[in-house]
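What follows is each chain in one-letter form.
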Amino acid sequence: MILSPKETVIAYRCPHCGSGIMSVVGAFALSGDLIKLKCSCGHSELQISRTSDKRLRLTVPCLVCPKPHVYTIGQNTFFSRDGVFTLSCTVSGLPLCFIGTKDGVSKALDEATEELNALLEDAGLDTLDDIKEHNDSADPFDASIDDIIRYTICELEDEGKVKCKCPTTAVADYQFEIIEDTLRVFCEKCGASVTIPMSDTAMAHDFLMSDHLELT
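Residues numbered from 1 in each chain as written. Predicted model: local features only at pLDDT ≥ 70, side-chain atom pairs only at ≥ 80, totals over all residues. Heavy atoms only, no water.

K.L.:
Help me understand the overall build of the protein in this model?
P.N.:
Scanning the protein for helices and strands turns up five helices and 13 strands. Classification of the 216 residues of the protein by burial places 40% in the buried group. A fraction of 47% describes how many contacts in the protein between residues 6 or more apart in sequence connect residues 24 or more apart. Total accessible area on the protein stands at roughly 11500 Å², and carbon and sulfur atoms take up 48% of it. (Helix = DSSP H or I, 4+ residues; strand = E, 2+ residues; numbered from the N terminus. Buried < 20%, exposed > 50% of the residue type's maximum accessible area, 1.4 Å probe, protein only. Contact = heavy atoms within 4.5 Å. Areas by Shrake-Rupley, 256 points an atom, 1.4 Å probe, with all protein chains shown as cover.)

Dropping the structure here:
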């Protein structure tokens, strides 16, 4: 397959059935509001949309986390011919999405399959469904509470769902600290903060499901 300068191949793995979904995406298709790459099983989809500054926002299903990851990249990166650009899970480090040429993406997807199979074997799991069950009952691949908190704050910030006292034109600087069994999320710029009970990993996973943060 020979791609035009404004085409690229993108692929992800369905967390439900394990299939690799690969498709060509062109600049013309991206002129619309939203592109959805759906798995034939009907249980997952990758979404691509434009941001107000003409970058691309990718919402990618995750093999481990209960929520998809949101990434924002430039169009030059998206349509680059320099190798394969990989987007990974911020908690487990597993590669989730591959962007580049057909041959490069196919190879990256195969290598990711080998890595996933090795990880399943090491964890004593058999299928992707076992990952989800393992994730519900324990830390996903020994991810620490700090990793879960950092992932959640980054995801919410990328989605514009963290609010503080900073003006809308300012760039906030969100940090966190854990004092005994309490999580404090704060903005270094304006000083706004919120405290959340965080005594064990179960509560950290509850925090992972948050849909917004309001710092006052």
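Structure shown, so let's carry the discussion forward.
K.L.:
Before we go on, may I ask you to explain the sheet that holds strand β10 (residues 174–179) in this structure?
P.N.:
Through backbone hydrogen bonds, the strands of a sheet pair up, either in parallel or in antiparallel fashion. The strand order β10-β11-β12 describes an open sheet built from three strands, whose pairing is antiparallel. Across the chains shown, the open sheet's two edge strands, defined by having one partner strand only, are β10 and β12 (193–197). The average undirected angle you get between the axes of adjacent strands in this sheet is 20°. Direction of pairing for strand β11 (residues 182–187) relative to β12: antiparallel, over a ladder of five bridges. Paired with V185 across the two strands is V194, which belongs to β12. (Pairing = 2+ DSSP bridges. Axes fitted to C-alpha atoms, helices over the stretch in contact; angles between N-to-C directions.)

K.L.:
Got a minute to help me understand the side chain of H69 in this structure?
P.N.:
Structurally, the position occupied by H69 is in strand β6 (residues 69–73). Other than its neighbours up to four places away in sequence, H69 contacts L58, T59, V60, C62, C89, T90, L96, Y151 and E155.

K.L.:
Help me understand the sheet that holds strand β8 (residues 95–100), please; the structure alone is not making it clear to me.
P.N.:
Read from one edge of the open sheet, four strands run β2-β1-β8-β7, paired in antiparallel fashion. Of all the strands in the sheet, the pair left with one neighbour each is β2 (20–26) and β7 (85–88). Between one strand and the next, the sheet's axes are offset by a mean angle of 20°, whatever the strand orientation. Bridge count for strand β1 (residues 7–13) against β8 is four bridges, and the pairing is antiparallel. Looking at β8, one finds that A11 is bridged to F98.

K.L.:
What should I look at first to understand the environment of L37 in this one?
P.N.:
Looking at the element boundaries, L37 is found in strand β3 (residues 34–38). The buried category is assigned to L37, whose relative accessible area is 9%. C-alpha separation for the pair L37 and V25, spaced 12 residues apart in sequence, amounts to 9.7 Å.

K.L.:
Before we go on, may I ask you to explain the pairing of β10 in this structure?
P.N.:
Both faces of the sheet carry side chains from a regular strand, because those side chains alternate between them. In this structure, β10 lies alongside β11, joined through six bridges in antiparallel fashion. Across the sheet, I179 pairs through a bridge with T182, a residue of β11. Following β10, the chain reverses through two residues before pairing antiparallel with β11; E180 in that reversal takes a positive phi of roughly 55°.

K.L.:
I keep staring at the nonpolar core and nothing clicks. Help me out?
P.N.:
Nonpolar side chains in soluble globular proteins tend to be buried together. Of all hydrophobic cores here, the largest spans 31 residues; its most connected members are I10, L58, V60 and F78. For this core, the secondary-structure elements that each account for two or more residues are β1, β2, β3, β4 (45–50), β5 (56–60), β6, β8 and α2 (102–123). With near-sequence residues (within four places) excluded, L58 lies in contact with I10, Q47, I48, H69, V70, Y71, I73, F78, L87, C97 and I99. The next biggest cluster of nonpolar side chains, apart from the first, holds 18 residues, and it includes I149, A172, V194 and M198. (Core = buried A, V, L, I, M, F, W, Y, C linked by side-chain atoms within 4.5 Å.)

K.L.:
Which parts of the structure should I look at to understand the environment of G26?
P.N.:
Relative to the assigned elements, G26 resides in strand β2. Between the C-alpha atom of G26 and that of E7, which follows or precedes it by 19 residues, the distance is 4.2 Å. Discounting chain neighbours no more than four positions away, the residues touching G26 are K6, E7 and F79.

Shape is all these values report; function is a separate question.
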